Every structure is written in structure tokens, then in C-alpha cells.
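The primary structure of each chain is shown beneath.
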Amino acid sequence: MRMGLGLPSPVPFSVARVRAPKDMASQLTALNDWVDEVARLTQPDAIHWCDGSEAEIRALTAQMEADGTLIRLNPETHPNCWLHRSNPGDVARVEKLTLVCTPNREDAGPNNHWEDPAAAHARLDALFEGCMKGRTMYVIPYCMGPIDSPISRCGVEITDSPYVVANMRIMTRMGTPALARIEREGTFVKGLHSTGDLDPDRRWIVHFPEELTIKSIGSGYGGNALLGKKCHALRIGSFQAKREGWLAEHMLIVGIENPQGEVHYIAAAFPSACGKTNLAMLIPPEGYRKAGWKVWTIGDDICWMTPGEDGRLWAINPEAGFFGVAPGTSEHTNPNAMATVSRDTIFTNVAVTADNQPWWEGLPGEPVTDWQGRPYDPANGPAAHPNARFTVSARQCPTWSEHAEAARGVPISAIVFGGRRPSLVPLVFEARDWAHGVLVGAAMGSETTAAAAGAVGVMRRDPMAMKPFCGYNYGDYFAHWLSFDRAGMQLPKIFHVNWFRKGADGKFLWPGFGDNLRVLEWIIDRCTGKAGAEETPIGLLPRMEDLDLAGLDLDAAALATLFEVDADGWRGELEAIGEYLDGYGERLPQRLREEQQRVATALGASNEAAIAVAG
Ligand code: OXD
Ligand code: MN
């Protein structure tokens, strides 16, 4: 085997090793042995250990430009920005090919696709055999979370995709410092990835939580291939979190600074492509801006929370970048994201304009080439793929908070759940206590989006927005959430929001985006005891006077709908929630069932068809 660089000359790599550095070698035997074992199986032409340096990424980018993996975008308008066109059949996560393999099937739960671990290893290893012939194998040591945070965890991804290396460099703390931490800790998550032949019939994303191992083959798409993200930080992470007493969640983290200079951190779970990135970078409405409100971005997708000595939940964003959905992102919806992606960004499956700028639906201007590289023709569908993405360092965001690097994380004041619910679910309500909040999260539903392969716009239950990401039985996961309600804890309050309520004309009733701050203000004021609320069987709702609606162009009928509690509709919803929870059988904690029954009973006792709170 040639242990070279696998790069076309004259592009030099400053660091190329066939084993971890000598001074670390004794502690890194397990890593070296695993790399040797993978190399024997996959038979790459060359092995490259990634150090994360500037020189390394420059060389790799030059190589990808030379072979067409990356196309340079307009350097005047978008310096150091690149377009990657994926295989057209490989554009999203594929849930039906994503498995959680625990020795006991029940431990993976009905929420996961399962296979016996030994059988899965054998089947996957047969696919990996010789798959890197003619390719370079990259070894990527990475750290999820600030490099010196006790909440962070490390992993090593082995991949044959330079595109994955370039993305992992943005999305994680990758390279030499991560290798040093692995040496100190002696433990890491093993992730083996190959794009294979991209044949969907030979595509699998397989997790072995008890072995802290991931094997992914046949896809180069972010959620399937950047193994630090969904595979490690959520599926394996949630399993580790349960074992170790913390939470790994599909949540953004945003800091809201009020005019008095106090910052409250909110962690919010929404299913994929439901606006987490927009909320994490929200621009306050003008009146709020003038009054001195500010928003600070910690993370837009994943949150690891652990109890601190003070009993509060402290959170880090394990990621270092954003892998955001491009379509719909614009100066109107998210100016901060637009500023963030104006340089040093990898765009995947976007369209391009005549002057070679990235383009997607929602932007001004005209595309000339679609995401597949064809001349743009509306008859072929959208110019950009609906799940087109940008990969960019979080530090480039104008609202990036330096507390994103804080080793102990940030204290969470409120947890918010939300989904796309065109009917029934009011704009906002507060759970009356932690157990009720866990039920509210467990009962979450949302319409599906283009972030995963399959039908779009279909309502499905997505507890805590973790349906595609919970690495173990949801019944045990709900029990884990409930277990935080214990002496000594100062738990955040839990809320539910619905930005997606529609009127009879099918249009959204709530303006959303920056105006969501009006709702967040009420949430924060509830946490500090400053705002009032009205009790209803489904939770606490703001009264009109509790929300700042100044300057909003909303008619009385829209407001009434946004805050109505339709008791009949909710009785049906509670029944459906009960049936859904029953699917977890014996693993469902009794406490959650009791909570569902408590709310159902309260609704049953309310004779009115509609409970008016908007008075
Ligand atoms: C994502 C997703 O990419 O949730 O964040 O699909
Ligand atoms: Mn996500």
C-alpha cells in the first residue's frame, strides 16, 4: 500500500502520517490498531491523518477544485466560497437506511430501525471490503464541543471523501488538538465512512451505541456522512448522555439580551428545516432593537446539556459550524445567515447565477444553472434542491457569542419545543411543570420536510424533534428526561410554540422571524416571574396584555385563532397522543401516561368547546 498523500502533484501536504504521532503512539494504540484494521479491510492507496491546519485545507481544496468536486464561486462577491454538486440521488438523510444496532432489539425501540449487531457488522464489512482502492483514506480526529470543555466528547472519523474532510473541518474542532484530547482521555467514538459507489441499494448508516461505533457507506450527504453531526452528537450522543446523566438534543441555543443587559439562554427543539437556524440568529423587530434588545447565537442544531453544581442545566453547542438549509434564507428571513455565508463557505446543491453567485429560491436575481449543473428550466423543478445546504464556521455569524467557547457552557432558562402545526396548536403555551413539559415534548408533531428523503408535508409525531436521532428506545428516553426532576435541580421552564398556524385561506397567521422575539420575551418574563398567564387544561397561555404586539399588523380574528384552545380538538389530540405513547409498551414510564391522563381529564372536565384566553 502506498502511504503517500493521494494528491495530484504539485500540491503538497505538510502533514501525512500512517500512524498517530510517535509521542502519542503508546496511548493511541487503540486508535492506531483500528486505523490499521480499517485500512486492511478497505485497502486505500494512501492514508492521511488530518491535522486541521490551513496548509492542509488549502491543499485539499486545490485537489477538489482540480478534480471538479468543488467549483469556485464568484471570488468578488463570495471570496473562498465553493459549490459542490452531489450525486442527484444522494441529497438528504435516509431514515429507512439508518439503523441502531443494540444486542437487545428492545433497547433500540420501535422508534429505530434495528439489526442484530453481529449481522450488521458482517453485512457492512462486506460492503467496505476494498471500497477505498484507488482512494485516499483520511483519518479525522475531532472534538464535539469546545476543546477544553468537560461536556465535550471526541471521535475519529475515517472517510474516503475529501468533501467530508472539508465539511468536518468547519463543523467540528478537528485535527491535532482533538488528537491530543483523545490521547489524554483514551476514549473516542469510532466512525467509519465511505461514499462507496453511491448506489442507494448499498447505502447504510449504522450505529452500534454500545460499541460507540458508526459505520456509514454509500452516501456523501451531510447528515449521513459528516459523522460528528447526527450520528455522533445525537444518536451515539443521546445513548452516552443517558448512561452518563446528561442530555444530547436536537436544539438550537440562543441568548436573548434585554435592555438591562441580562442575557437568558433558550434551548429550542424543532424538527429539521423548521427554522432553527433563523431563530438562532433572529434580528429583533425595530422597536426592540431601538430599546436595546440583542440576540446571541450559540448553536443552530444540537445542544448538549448537563446539570451544573447549581442544579441548572448548562449547555454547549457541540458543533463549530452551521450546516444550514439554503432555500428560503434571504435578507428578509435571516440577514445574519446571509452575512455569515458571504465568504469561506461550502454550498451544496445550490443553483448559480450568470455571474457565478450561489442562488436559491427566496433570493433576488435569476439562476442560470440548476443544482444539477443543467441550464435552468422551471420545468425541471426548483433551481436549487429544496435541501440545498451551506456549511460555514459559526464564528462568521455577526451574532456569534463568544460564550459558545465557554468550557462550562451557558445556563439554560427555558426549553422550547415546536413543530409545523397548521391547525389546533396555539402560538405559545407553557407547561405547568417539568413532567408536563416532558409530555409536551413527547407529544410533539410536525409536518415532514425535505431534510429527509420521502414525502413532504405529512404530519408525524416527532418527540423532542428527535425521531430521526434518538439512539435508543424512546420509552427509556422519556424516563431519562423525567429523571431530571429531582431534589437539588433548578430546571428550566418548558414551553411549546407554533410559528406555523394557518388561517382558513391557507396562509400563515403569525409573521414569524424577528417577531418571534415577542414570544421569547414572554417566555423569559415567565422564567423571571415578570409576566402573567392564563391557566388552561393544555398549559399556561399569555393573555393579550402579556405580549408586546405593538406595531404588528394582525387582525383580531387572527389573534383569536393564534391563542384559542379548541377543547374538542385537544380531546382528540390527547387521545392520539395516548395511542402513540402506548406504542412504547412497557418501556413507557408510568409517570408520562399519568400526565397524559391528567391533561385528558382536565380537557374532559372542561365543557366548553373553545376555551377563550385571548380576552
Ligand atoms: C440537519 C437535519 O441537517 O436535521 O440539521 O437534517
Ligand atoms: Mn438538524
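Look a little higher up for the structure.
This section reports on the structure supplied with the text.

About the thresholds
Residues numbered from 1 in each chain as written. Chains lettered and ligands numbered in written order. Predicted model: local features only at pLDDT ≥ 70, side-chain atom pairs only at ≥ 80, totals over all residues. Heavy atoms only, no water. 1 Å grid on protein atoms, 1.4 Å probe; cavity = no way out; pocket = protein on both sides within 12 Å on 5 of 7 lines; lining within 4 Å. Points joined across faces, edges and corners; volume = space filled by probe spheres on them. Helix = DSSP H or I, 4+ residues; strand = E, 2+ residues; numbered from the N terminus. Near = heavy atom within 4 Å. Polar contact = N/O pair within 3.5 Å; in protein donor to acceptor, adjacent residues only side chain to side chain. Areas by Shrake-Rupley, 256 points an atom, 1.4 Å probe, with all protein chains shown as cover. Sits in = over half its atoms within 2 Å of the grid points. Nonpolar A, V, L, I, M, F, W, Y, C, P; charged D, E, K, R; others polar. Domains from an automatic or database assignment. Expected span 1.5 Å × (residues − 1). Buried < 20%, exposed > 50% of the residue type's maximum accessible area, 1.4 Å probe, protein only. Arc of directions from axis to C-beta. Phe/Tyr/Trp six-rings, centres within 6.5 Å; stacked < 30°, edge-to-face > 60°. Lys NZ or Arg CZ within 6 Å of the ring centre and 35° of its normal. Pairing = 2+ DSSP bridges.

Using the criterion set out here, one finds 2 cavities of 30 Å³ or more in the structure. The computed volume of the largest cavity comes to approximately 180 Å³. Those elements giving two or more residues to the lining of the largest cavity turn out to be α13 (434-442) and α17 (567-582).

Here we come to the site of ligand 1. By nearness alone, every residue bordering ligand 1 is listed as Arg-93, Lys-229, Lys-230, His-250, Ser-272, Asp-301, Phe-323, Arg-389, Ala-451 and Phe-469. Residue Ser-272 places a side-chain N or O atom 2.5 Å away from an oxygen atom belonging to ligand 1. Between ligand 1 and Asp-301, the relevant distance is 3.1 Å, taken from an oxygen atom to a side-chain nitrogen or oxygen of the residue. If ligand 1 stood free it would expose 210 Å²; the protein chains cover 96% of that surface. Assessed atom by atom at 2 Å from the grid points, ligand 1 resides in the largest pocket. For the shell around ligand 1, the residue count by class is 3 nonpolar, 2 polar and 5 charged. Lining the shell around ligand 1 are residues from two domains, each supplying at least three of them: domain 1 (22-69 + 90-245) and domain 2 (249-320 + 402-605).

Taking 1.5 Å per residue, 14 residues should reach 20 Å; helix α2 (residues 29-42) reaches 20 Å between its end C-alpha atoms and fits that length. Along α2, the residues classified as buried are Leu-31, Asn-32, Trp-34, Val-35, Val-38, Ala-39 and Thr-42. Axial view of α2: buried residues confined to an arc of 160 degrees, hence all on one face.

Quick look at the packing of aromatic side chains now. Under the defined criterion, the tally for this structure stands at 19 aromatic pairs. Here the aromatic rings of Trp-434 and Trp-481 are separated by 5.5 Å at their centres, their planes lie at 20 degrees, and the arrangement is stacked. Of this pair, Trp-434 sits in helix α13 while Trp-481 sits in helix α14 (residues 474-482), and the two are 47 residues apart along the sequence. As far as burial versus exposure is concerned, Trp-434 and Trp-481 are alike and both buried. Lying across the ring of Phe-469, Lys-230 places its NZ or CZ 4.3 Å from the centre.

In terms of residue burial, helix α6 (residues 162-171) counts as a mostly covered element, since 9 of its 10 residues are buried. Inspection of α6 places Pro-162, Tyr-163, Val-164, Val-165, Ala-166, Asn-167, Met-168, Ile-170 and Met-171 among the buried residues, and these make up the whole buried set.

Take the pairing of strand β12 (residues 251-257) next. Where burial is concerned, most of β12 is hidden: 7 out of the 7 residues are buried. Both faces of β12 are covered, namely the face carrying Met-251, Ile-253, Gly-255 and Glu-257 and the face carrying Leu-252, Val-254 and Ile-256. In this sheet, strand β13 (residues 263-269) lies alongside β12 in antiparallel orientation, the contact comprising 7 bridges. Along β13, the bridge assignment pairs Ile-253 with Ala-267. Hairpin connection from β12 to β13: 5 residues lie between these consecutive antiparallel strands, with Gly-261 at a positive phi of about 85 degrees. As paired elements, β12 and strand β14 (residues 294-299) share 5 bridges and run antiparallel to each other. What sits directly across from Val-254, in β14, is Thr-297.

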